Amino acid sequence: MRYKDRGEVHKDFHAATNMTIDYIVDNFGEDALAMLFRKMATDVYKSIHDKLKKGDASELIEHLKYYLDREKGEYEISENNGTIICEISKCPAVEHIIKSGLTLSPHFCRQTIEVNAGLCEGTPWKTKTELLGCGKCRQVFKLENQQ
Amino acid sequence: MIPSDHFVRFYNEVFKFLDKQSGDGLSKYWLAVSKLQENFCLENFQKDGLRGMYDYWNHIRIEENCDMTLKLNEDFLELIMHKCPSLSKVQDNDAEPCAKYCEHCVGWIGPIISKCNYYMVCDIHGRNVPTCHSWIFFEKIKAEQKKAELNNSDNTIFSNF
């Protein structure tokens, strides 16, 4: 895995992401926000993206598990016949924003939707993120031409 | 979710985007960051002065895994960053670092320090070097003296005055 952080976790950075999302939408629009997240996916997460291009989702799965564990999220990941489902029942980022007494941006979950979409751009993978309520979502990655 | 560990790499993408826009996009954004950060530190800075600043950065030193020495003196606070975790991550990155990355620190903390009537001088050593040395003074004249002393070197100096 390209990035593997250790040591303390500074969850207040989720508050900075929350603020930044609103700032970009308010000043540049939702398309600019989507572009930023997609660029993050292809450039920062180049290693995951490159593997997905080859059909290999191993680093994506490792990344999701590693960071959700590190931030004490509640989730289940299943992998079956070219379909990966990551079901989040307690998003640590959403939880931290709410615990901090801050207002959750209505666009907060675009980070997940657009980063996932960016990771799958130009790859044989399709993705869909369904928002299931506060701090809950289902992220599906499906290898094309798989039943 | 972008992991909190990866926020600075997102921050770096935001900086590059804003730097390409017309006007002072980066400075305006850092002011917005500053307003958010007031929630976490302004009250303690105003109430406890240099001690409050020391306590805040000591907490940050631990939580952000900073290799940093803090020295609380009678009339100034010194922050000696031996290895900045933020710039280090931006450099350990498959995306290109923003050339102005280091400026964000003074960009957001400077306005808060100003609100508390303190004066900050920061020597960033170099834009590609994850070390820096900052001083926060109560007396402007001492901050000006420090700035003048540093301006005689080749280093890059930022301040909130």
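Above this note sits the structure.
Described below are features of the structure shown in this document.

Conventions adopted
Residues numbered from 1 in each chain as written. Chains lettered and ligands numbered in written order. Predicted model: local features only at pLDDT ≥ 70, side-chain atom pairs only at ≥ 80, totals over all residues. Helix = DSSP H or I, 4+ residues; strand = E, 2+ residues; numbered from the N terminus. Rg over C-alpha atoms; globule rule 2.2 N^0.38 Å. Buried ≥ 20, exposed ≤ 12 C-beta atoms within 10 Å, placed from the backbone. Contact = placed C-beta atoms within 7 Å. Nonpolar A, V, L, I, M, F, W, Y, C, P; charged D, E, K, R; others polar. Axes fitted to C-alpha atoms, helices over the stretch in contact; angles between N-to-C directions. Parallel < 35°, antiparallel > 145°, perpendicular 65-115°, else oblique. Pairing = 2+ DSSP bridges. Core = buried A, V, L, I, M, F, W, Y, C linked by C-beta atoms within 7 Å. Left-handed = near helix turned anticlockwise from the far one by under 90°. Expected span 1.5 Å × (residues − 1). Bend = angle between axes of the 7 residues up to and from the residue.

With that settled, the discussion passes to the overall build of chain A. What chain A contains, in helices and strands, is six helices and four strands. The helix and strand sequence of chain A, counted from the amino end, reads α-α-α-α-β-β-α-α-β-β. In summary, chain A has a C-alpha radius of gyration of 15 Å against a globular reference of 15 Å for 147 residues, a match within 12%. Overall, chain A is about 45 × 30 × 30 Å in size when its C-alpha atoms are taken along their principal axes. Within chain A, the fraction of its 147 residues that count as buried is 39%.

So, about the overall build of chain B. Summing up its helical and strand segments, chain B has five helices and five strands in all. Seen through its C-alpha atoms, chain B measures out along the principal axes to roughly 45 × 35 × 30 Å. Put simply, chain B has 161 residues, and 44% of those count as buried.

To continue, consider the interface of chain A and chain B. Across the contact, 31 residues belong to chain A and 24 residues belong to chain B. Every element with two or more residues in the side of chain A that touches chain B is listed here: α1 (12-28), α2 (30-44), α3 (46-53) and α6 (110-120) of chain A. Take the side of chain A that touches chain B: its biggest share by element is nine residues, from α1(A). Here the side of chain A that touches chain B is composed, by residue class, of 14 nonpolar, eight polar and nine charged.

Next up on the list: the packing of α1(A) against α2(A). All names here are of chain A. At a closest axis distance of 7 Å, the pairing of α1 and α2 adopts a crossing angle of 135 degrees. By the angle between their directions, the pair α1 and α2 is classed as oblique. Every residue of α2 that contacts α1 at Ile-21, Ile-24, Val-25 and Phe-28 is listed here: Glu-30, Ala-32, Leu-33 and Leu-36. Residues that form the contact of α1 with α2 fall into these classes: seven nonpolar, no polar and one charged.

This next bit is on the sheet that holds strand β3 (residues 125-133) of chain A. All names here are of chain A. The sheet built from four strands is open, its strands ordered β1-β2-β4-β3 with antiparallel pairing. Sheet topology places β1 (74-80) and β3 at the edges, where each strand pairs with a single neighbour. Averaged over neighbouring strand pairs, the angle between their axes works out to 10 degrees when direction is ignored. Strand direction decides the pairing type here: strand β2 (residues 83-90) and strand β4 (residues 136-143), joined by six bridges, are antiparallel. Bridging across to β4, Cys-86 finds its partner in Gln-139. Across the sheet, α6 is in contact with β3 and β4; its angle to β3 comes to roughly 170 degrees.

Right, let's get into the nonpolar core. Grouped burial of nonpolar side chains is what soluble globular proteins tend to show. Within the largest apolar cluster, 83 residues are counted, with the highest numbers of intra-cluster contacts made by A:Met40, A:Leu119, B:Met120 and B:Ile136. Not counting residues within four places of it along the chain, the set of residues in contact with B:Ile136 comprises B:Leu50, B:Met53, B:Phe76, B:Leu77, B:Ile113, B:Tyr118 and B:Met120.

This brings us to unusual backbone geometry. All names here are of chain A. Positive phi outside glycine occurs at Lys-72, with the angle close to 60 degrees. With respect to the helices and strands, the residue Lys-72 is situated in the loop between α4 (58-70) and β1. A count of 11 C-beta atoms within 10 Å places Lys-72 in the exposed class. A positive phi angle, near 50 degrees, is found at Asn-81, a position not held by glycine. Structurally, Asn-81 can be placed in the loop between β1 and β2.

Residue and element names in this part refer to chain A. In terms of strand pairing, β1 meets β2 through seven bridges, oriented antiparallel. Opposite Ile-77, over in β2, you have Cys-86 as the bridge partner. In textbook terms, the turn of a hairpin is the stretch between consecutive antiparallel strands, and for β1 and β2 this stretch comprises two residues, one of which, Asn-81, has a positive phi near 50 degrees.

A few words now on the packing of α1(A) against helix α1 (residues 7-20) of chain B. Between two packed helices, what matters for the description is the angle formed by their axes and the separation of those axes. Where α1(A) contacts α1(B), the two axes come as close as 10 Å, and the packing angle between them is 25 degrees. Judged on the interaxial angle alone, α1(B) and α1(A) are roughly parallel. Here the hand of the crossing between α1(A) and α1(B) comes out left-handed. Where α1(A) approaches α1(B), its residues A:Phe13, A:Ala16, A:Thr17 and A:Thr20 are matched on the opposing element by B:Phe7, B:Phe10 and B:Val14. In terms of residue class, the contact of α1(A) with α1(B) is built from five nonpolar, two polar and no charged.

To continue, consider helix α2 (residues 25-63) of chain B. Here α2(B) is 39 residues long, yet its end C-alpha atoms lie only 29 Å apart, well below the 57 Å a rise of 1.5 Å per residue gives. Along α2(B), the sharpest kink reaches roughly 140 degrees, centred on B:Asp48. Among all positions of α2(B), only B:Leu26, B:Tyr29, B:Trp30, B:Val33, B:Gln37, B:Cys41, B:Phe45, B:Met53, B:Tyr54, B:Tyr56 and B:Trp57 are buried. Packing partners of the buried residues in α2(B) comprise α1 of chain A together with α1, β1 (67-72), β2 (76-83), α4 (103-115) and β4 (132-137) of chain B. Of the residues trailing α2(B), B:Asn65 is marked for its positive phi of about 55 degrees.

Distances and angles like these do not, on their own, reveal function.
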